[in-house]
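Observations on chain architecture
Here's the letter readout for the chains.
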Amino acid sequence: WNWFYFPHSSRGTHSSEQRLFQPSMELKPAMPTYDAVNFANLDTSVSVKASSKLDWHDLQYLNDSHFVIPTRHQAITNSTYHQHLKLGLSSGSEVCKISSTQHHIVLQSLYNDMIGEFYIRTVLSVYQMMSNHKLFRQLELSILQSHNATNLVDPWEEDMQFYIHLGYFNKKLLDGHQLFLSGLQILRRQQYASSLSSIFNHRKRRRVESTGDCHCYQKLIFCGYDIYSQNDTDPKASKAPIVNPQAARNYTLWPSEFLNNEGIGRICRFPGSLNQHAKNDCKIWAGLRDFLISNIEMNHPTLEDEITNHRRTILLQKGLVDEGYGGNSKEWKFVGLTQRTYRRSWLNLPGVLSRCESAFVGNATNLQKVVCVEINVEQASSPYEQLLMHRSLDAIVGVQGAQLTQAIFLPRHATVLELLPWHPKGYSLRGAWTQSRDGPTPLGIIYHNTDLNHYGYSLDRESVPLCKHVSEEQEEECFMSSENKDRFVWANSNFNVSPDTVVQFISHLLLLDNKKDRKCENLMDGLSEKYVLYNVWCESKERKDGNHAHIGNMTLSLHHYYDKKT
């Protein structure tokens with residue numbers, strides 16, 4: 001696609017000093033290889049080049065929302081413009097629509113098609129940059145001074161449209177992408193993020209009509225790319241930045257590892273880098289969660305009422321209340337059990353739901369009001385439905401992976417039980433990090449030092465339904481066979497969970513909130529050694545500065561009870 005640049009302030013002037021640097025660019029979606037698959041030869045990049053046939057003084061503004069691009073240098077009048085519309089621009093001139101949104105921001109980072117990676121590599125980075133007011137204030141002041149304006153607004157209050165550059169033909173924009181980005185801004189028009197391809201696809205659709213199409217963006221900002229010269233084919237070949245970027249007329253933009261590393265680095269991103277000091281002092285995940293929820297509550301002022309209605313609907317469907325019920329359902333604990341449709345599916349989930357109902361709702365001697373519900377984000381109809389289904393829960397249970405990312409939207413001091421997939425030692429399969437017990441898992445790091453209670457539970461051999469017909473000595477050969485290997489790797493493996501495990505979690509950990517005594521030393525009483533307490537709020541004689549919460553008559557403090565490294 002061709003594009004051109006021009007300074008908005010140049011309307012009515014022709015000063016050559018106002019000409020901007022106009023490079024051509026190729027936006028690479030990802031590394032040449034991804035998940036051991038070679039994508040280097042697939043045409044998945046976006047190529048854009050600056051037009052050499054057009055200069056800004058060739059443009060004629062019709063009004064604040066349209067201008068005309070003449071392909072022949074001739075005066076274009078309003079009457080000519082209307083005639084062009086009637087003739088389908090047959091005169092060779094093109095009408096360009098100016099977007100009313102001021103800032104169009106393209107976001108890119110590695111693996112951003114996966115929601116967990118997207119949250120860690122992109123959402124956290126945007127939040128960190130927005131929180132760095134010095135950087136944004138300097139940028140805003142320079143812009144305001146150039147426009148003789150005086151009003152300063154926070155970055156998340158800017159008029160923004162986000163776009164996500166997704167890598168490959170088989171990847172798509174998810175509701176989760178849109179939900180998380182909506183929490184990074186105060187939405188003006190309830191407009192969610194789009195895929196980068198949406199900028200170009202409108203022209204592709206209209207090409208057949210030969211009518212042309214043009215869109216103008218006041219600011220189009222590219223975040224999360226590493227810059228290389230055009231002849232670089234592999235970003236690993238040379239990491240040296242271009243010394244004088246404006247001396248080059250062609251850019252190749254590869255996705256960077258993270259959208260932004262400033263002020264974050266690896267220390268708070270990955271559990272392996274989490275030393276003892278960072279365990280207590282890494283607050284950025286808590287800040288991000290609070291920031292997202294605060295903005296989303298402003299964007300959806302009726303959210304609390306809709307949560308009450310949503311919970312009431314569930315109770316009615318399960319026959320637990322009648323039509324006359326007018327309570328707010330706070331006396332009930334709602335536990336979400338996560339499900340996926342096509343891989344990492346919870347095979348015996350219907351049986352677990354039934355066991356939960358019989359253990360709590362159907363037990364006449366048990367006065368606890370607990371409702372277990374299935375949570376499947378793949379079946380949600382919108383980003384808002386994903387928000388509503390998670391915001392209505394008191395706890396969530398799911399296997400390690402992307403489907404737990406939206407747990408960030410649980411209410412304050414809610415509970416997460418992360419099921420750690422069984423992964424036998426010694427097998428030549430990646431994924432051992434999903435079983436981390438001496439620190440948070442790569443996904444669990446997002447709950448670190450937040451107000452959420454985060455527990456882990458290690459699944460065992462019984463959770464894997466494959467190769468049950470062979471002896472223990474033959475299991476490795478069976479798992480690694482061509483028939484089973486792809487199904488056995490943790491990212492694809494379906495699993496079972498003992499119903500008693502979920503019931504025990506609810507009884508011994510979740511319902512502790514209803515007891516007067518929530519002492520840290522008693523948390524593990526009666527629990528299996530398969531549990532690990534990653535991020536828990538409990539009463540302790542050991543008083544720590546900061547990180548305290550008052551719930552009822554209890555004063556709770558934050559603790560991390562990891563296993564010792566072996």
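All values reported here derive from a predicted model rather than from experimental measurement. Residue positions within a chain follow its written sequence, with the count starting from 1. Where local features are concerned, this predicted model is filtered to residues with pLDDT of at least 70; where side-chain atom pairs are given and counted, the filter is 80 or more; whole-chain, interface and lining totals use all residues. Computation of side-chain values covers all heavy atoms of the structure but excludes hydrogens and water.

Glancing now at the overall build of the chain. Per the convention used, a helix needs a DSSP run of H or I reaching at least four residues, while a strand needs a run of E reaching at least two, with both numbered from the N terminus. On a plain count of helices and strands, the chain comes out with 13 helices and 23 strands. Buried residues are those whose accessible area, probed at 1.4 Å on protein chains only, stays under 20% of the maximum for their type, while exposed residues exceed 50% and partly exposed ones sit between those limits. Scored against the burial criterion, the 566 residues of the chain give a buried share of 50%. It only takes one pair of heavy atoms within 4.5 Å for two residues to be counted as in contact. The long-range share in the chain, meaning contacts at least 24 apart out of those at least 6 apart in sequence, stands at 69%.

With that settled, the discussion passes to the sheet that holds strand β9 (residues 103-107). A pair of strands is treated as paired once DSSP finds two or more bridges between them. Taken in spatial order, the four strands make up an open sheet running β11-β10-β9-β13, and their pairing is parallel. Since the sheet does not close on itself, it has two edges, and those belong to β11 (194-195) and β13 (219-223), each with one partner. As defined by bridge partners, β9 adjoins strand β10 (residues 160-164) across five bridges and the pair is classed as parallel. In the sheet register, Leu 107 faces β10, and the bridge partner there is Ile 164. Axis angles are defined between N-to-C directions and span 0 to 180 degrees, where every axis is a line fitted to C-alpha atoms and, for a helix, only to the segment in contact. Strands β9 and β10 of the sheet are contacted by helix α2 (residues 115-131), whose axis makes an angle of about 155 degrees with β10.

Another aspect to go through is the side chain of Ser 557. Within the fold, Ser 557 resides in strand β23 (residues 554-561). Exposure remark for Ser 557: the relative accessible area of 3% places this residue in the buried category. N or O atoms closer than or at 3.5 Å make up a polar contact, with two conditions inside protein: a donor-capable atom paired with an acceptor-capable one, and, for residues adjacent in sequence, both atoms drawn from side chains. A polar contact is formed between the side chain of Ser 557 and the side chain of His 559, at a distance of 2.8 Å.

All right, on to the environment of Leu 62 then. Tracing the backbone through its elements, the reader meets Leu 62 in the loop between β6 (60-61) and β7 (66-69). Remark: the alpha-carbon pair of Leu 62 and Val 95, spanning 33 residues in sequence, is separated by 9.3 Å.

Once that is clear, we can look at the sheet that holds strand β21 (residues 531-538). Overall, mixed pairing links the eight strands, which are arranged β17-β16-β18-β19-β20-β21-β23-β22 in an open sheet. On the outer flanks of this sheet lie β17 (370-375) and β22 (548-551), each paired with one strand and no other. Each adjacent strand pair in this sheet contributes to an overall mean axis angle of 25 degrees, direction not counted. Alignment of strand β18 (residues 395-399) against strand β19 (residues 415-420), held across five bridges, turns out to be parallel. When the sheet's bridge partners are listed, Val 399 is paired in β19 with Leu 419. The sheet strands contacting helix α9 (residues 349-361) are β16 (333-338) and β17, and the helix crosses β17 at an angle near 165 degrees.

Right, let's talk about the pattern of salt bridges for a bit. By convention in these notes, a salt bridge is any Lys or Arg side-chain nitrogen within 4 Å of a carboxyl oxygen on Asp or Glu. According to the stated counting rule, one finds 14 salt bridges in the structure shown. A salt bridge links Lys 171 to Asp 113, with the nearest nitrogen and oxygen atoms 3.6 Å apart. Note that Lys 171 is positioned in the loop between β10 and α4 (175-182) and Asp 113 in the loop between β9 and α2, a separation of 58 residues in sequence. For Lys 171, a relative accessible area of 28% gives the class partly exposed. For the salt bridge of Arg 391 with Glu 297, the shortest nitrogen-to-oxygen distance reads 3.0 Å. One end of the pair, Arg 391, is in helix α10 (residues 383-391); the other, Glu 297, is in helix α7 (residues 284-299), with 94 residues separating them in the sequence. Residue classification places Arg 391 among the buried positions, given a relative accessible area of 10%. Through salt bridges with shared partners, a single ionic network connects Arg 289, Asp 290, Arg 412 and Asp 451.

Grid points spaced at 1 Å over the protein atoms alone were grouped into cavities, where a 1.4 Å probe fits but cannot get out, and pockets, open sets with protein on both sides within 12 Å along at least five of seven lines, with lining residues defined by an atom within 4 Å of a point. Grid points are joined across faces, edges and corners, and a volume is the space filled by probe spheres set on the points. A full pass over the atoms with the stated rule returns four cavities of 30 Å³ or more. Considering only enclosed or pocket space, the largest cavity measures out at about 110 Å³ in volume. Lining the largest cavity are 13 residues, with Pro 421, Trp 422, Val 464, Ser 493 and Phe 495 positioned closest to its centre.

Our next topic: the nonpolar core. Side-chain atoms within 4.5 Å link the members of a nonpolar core, which is a set of buried Ala, Val, Leu, Ile, Met, Phe, Trp, Tyr and Cys residues. Grouped together as the largest cluster of nonpolar side chains are 64 residues, with contacts concentrated most on Tyr 119, Phe 162, Phe 180, Leu 184, Trp 285, Ile 446 and Tyr 447. Those elements giving two or more residues to this core turn out to be β9, α2, β10, α4, α7, α8 (303-317), β17 and α10. For this core, the leading source of residues is α2, giving ten residues. Ignoring sequence-local partners within four residues, the contact set of Phe 180 consists of Ile 115, Phe 118, Tyr 119, Val 123, Leu 292, Thr 405, Gln 406, Ile 408 and Phe 409. Ranked by size, the runner-up nonpolar core spans 35 residues in total, among them Val 352, Phe 360, Val 497 and Phe 505.

Attention now moves to unusual backbone geometry. In the Ramachandran plot, Arg 344 falls in the positive-phi region, its phi being about 55 degrees despite a non-glycine side chain. Its place among the elements puts Arg 344 in the loop between β16 and α9. Residue Arg 344 is classed as buried on the basis of its relative accessible area, which comes to 6%. A positive phi angle is found at His 413, which is not glycine, with a value near 60 degrees. Its place among the elements puts His 413 in the loop between β18 and β19.

What follows is about the side chain of Ser 458. Note that Ser 458 resides in strand β20 (residues 453-458). At 3.0 Å, the side chain of Ser 458 forms a polar contact with the side chain of Arg 437.

For this text, the term disulfide refers to a pair of cysteine sulfurs within 2.5 Å. In total, this model carries three disulfides according to the counting rule given. Disulfide pairing is shown between Cys 356 and Cys 372; the S-S distance is 2.0 Å. Given an S-S torsion of about 70 degrees, the disulfide between Cys 356 and Cys 372 has right-handed geometry. Here Cys 356 is found in helix α9, whereas its partner Cys 372 is found in strand β17, with 16 residues between them in sequence. Assigned by exposure class, Cys 356 and Cys 372 land together as buried. One disulfide in the model links Cys 467 with Cys 478; its S-S distance is 2.0 Å. Its S-S torsion of approximately -90 degrees makes the covalent link between Cys 467 and Cys 478 left-handed. Remark: Cys 478 occurs in helix α11 (residues 475-479) and Cys 467 occurs in the loop between β20 and α11; sequence separation between them is eleven residues. Grouping residues by exposure puts Cys 467 and Cys 478 together as buried.

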